Amino acid sequence: MKIKSAEFKVSNSEVAKCPNNDLSEYAFIGRSNVGKSSLINMLTDKKSLAKTSGRPGKTQLINHFLINESWYLVDLPGYGYARVSKSSKRKFQAFITDYFEKRQQLVSAFVLVDIRHKPQPIDLEFMQYLGESGIPFSIIFTKADKLKPKAIENHVKDYCDVLLNTWEELPHYFVTSSSKKIGQDAVLDFIEATNDEIDTLKQQS
Ligand code: GDP
């Protein structure tokens, strides 16, 4: 997919206030500093569509970007646990779970993980949560330029081995680097193919 246009539309703290139309959307999420803003800028060929961590004023908002006037790229804030009082249960922040549970237009999520790190409990738990909620997701490994090709292969394999302890099937995954512009076509082509499938299904129904 070629990016013809990418524009910021709206920021919200509540899912009820997100754009009210039926365009498909794809949500990008991960721990803070994983490289999400840089990835969004790289994917959309824009220098500063999404705010990178170096800039102040980063808030806990759901950000909608309209791409090619046909689908939304949704930038979600970094996730963390919200402790529930009187219980040791850990939950993700409510507006994030609200988004995933209520947003009908959501087609698929991309969970970003730094390729250098071993699987982190919070990322694995978030994927588990998505799986249990029936939300399709892919993994995007970020900052691949920080490793040599052989190390990339090993880290991805180790990550997949851990996933296979709990998952029967591996999700799609993408290896990316925003600084070296690696992975743009793979991610965008995946989104394009998914959008085409949805259009075909809509035409058949
Ligand atoms: P966010 O908090 O997830 O939105 O992360 P940012 O996009 O703001 O990036 C966090 C830090 O990682 C910044 O210092 C970026 O320059 C750096 N970073 C992001 N992507 C890459 C990448 O692909 N390669 C390298 N080497 N650094 C990156």
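Below is a short write-up of the structure. (Residues numbered from 1 in each chain as written. Predicted model: local features only at pLDDT ≥ 70, side-chain atom pairs only at ≥ 80, totals over all residues. Heavy atoms only, no water.)

Quick notes on the packing of aromatic side chains
At step 1: Throughout the structure, instances matching the rule amount to 17 aromatic pairs.
At step 2: Ring centres of Phe8 and Phe65 lie 5.7 Å apart, and the angle between their planes is 65 degrees; this geometry places the pair in the edge-to-face category. You can see Phe8 sitting in strand 1 (residues 6–12) and its partner Phe65 sitting in strand 3 (residues 62–67), a full 57 residues away along the chain.
At step 3: Residue class for Phe8 comes out partly exposed when judged on its relative accessible area of 43%. (Phe/Tyr/Trp six-rings, centres within 6.5 Å; stacked < 30°, edge-to-face > 60°. Helix = DSSP H or I, 4+ residues; strand = E, 2+ residues; numbered from the N terminus. Buried < 20%, exposed > 50% of the residue type's maximum accessible area, 1.4 Å probe, protein only.)

Observations regarding unusual backbone geometry
At step 1: In this model, Lys143 sits at a positive phi of 60 degrees, which is unusual for a non-glycine residue.
At step 2: Relative to the helices and strands, Lys143 resides in the loop between strand 8 (137–142) and helix 4 (149–163).
At step 3: Judged by its relative accessible area of 22%, Lys143 falls in the partly exposed class.
At step 4: For Lys181, which is not glycine, the phi dihedral falls at a positive 55 degrees.
At step 5: Checked against the element boundaries, Lys181 lands in the loop between strand 9 (173–175) and helix 5 (184–204).
At step 6: Residue class for Lys181 comes out partly exposed when judged on its relative accessible area of 42%.

Thoughts on the environment of Asp145
At step 1: Relative to the assigned elements, Asp145 resides in the loop between strand 8 and helix 4.
At step 2: In this structure the C-alpha to C-alpha distance between Asp145 and Lys180, which are 35 residues apart in sequence, comes to 6.6 Å.
At step 3: With residues near it in sequence (within four places) discarded, Asp145 still touches Ser177, Ser179 and Lys180.
At step 4: A distance of 2.8 Å separates the side chain of Asp145 from the side chain of Ser177, its partner in a polar contact. (Contact = heavy atoms within 4.5 Å. Polar contact = N/O pair within 3.5 Å; in protein donor to acceptor, adjacent residues only side chain to side chain.)

Things to note about the pairing of strand 8
At step 1: Strand 8 sits mainly inside the fold: six of its six residues count as buried.
At step 2: Judged by which residues are buried, strand 8 turns out to be covered on both faces: Phe137, Ile139 and Phe141 on one side and Ser138, Ile140 and Thr142 on the other are all buried.
At step 3: In terms of handedness, the path from strand 7 (residues 106–114) via helix 3 (residues 121–132) over to strand 8 forms a crossover that is right-handed.
At step 4: A crossover connection joins strand 8 to the parallel strand 9 through helix 4; in handedness this β-α-β unit is right-handed. (Right-handed = clockwise from strand over helix to strand, strands pointing away.)

None of this, on its own, says anything about what the molecule does.
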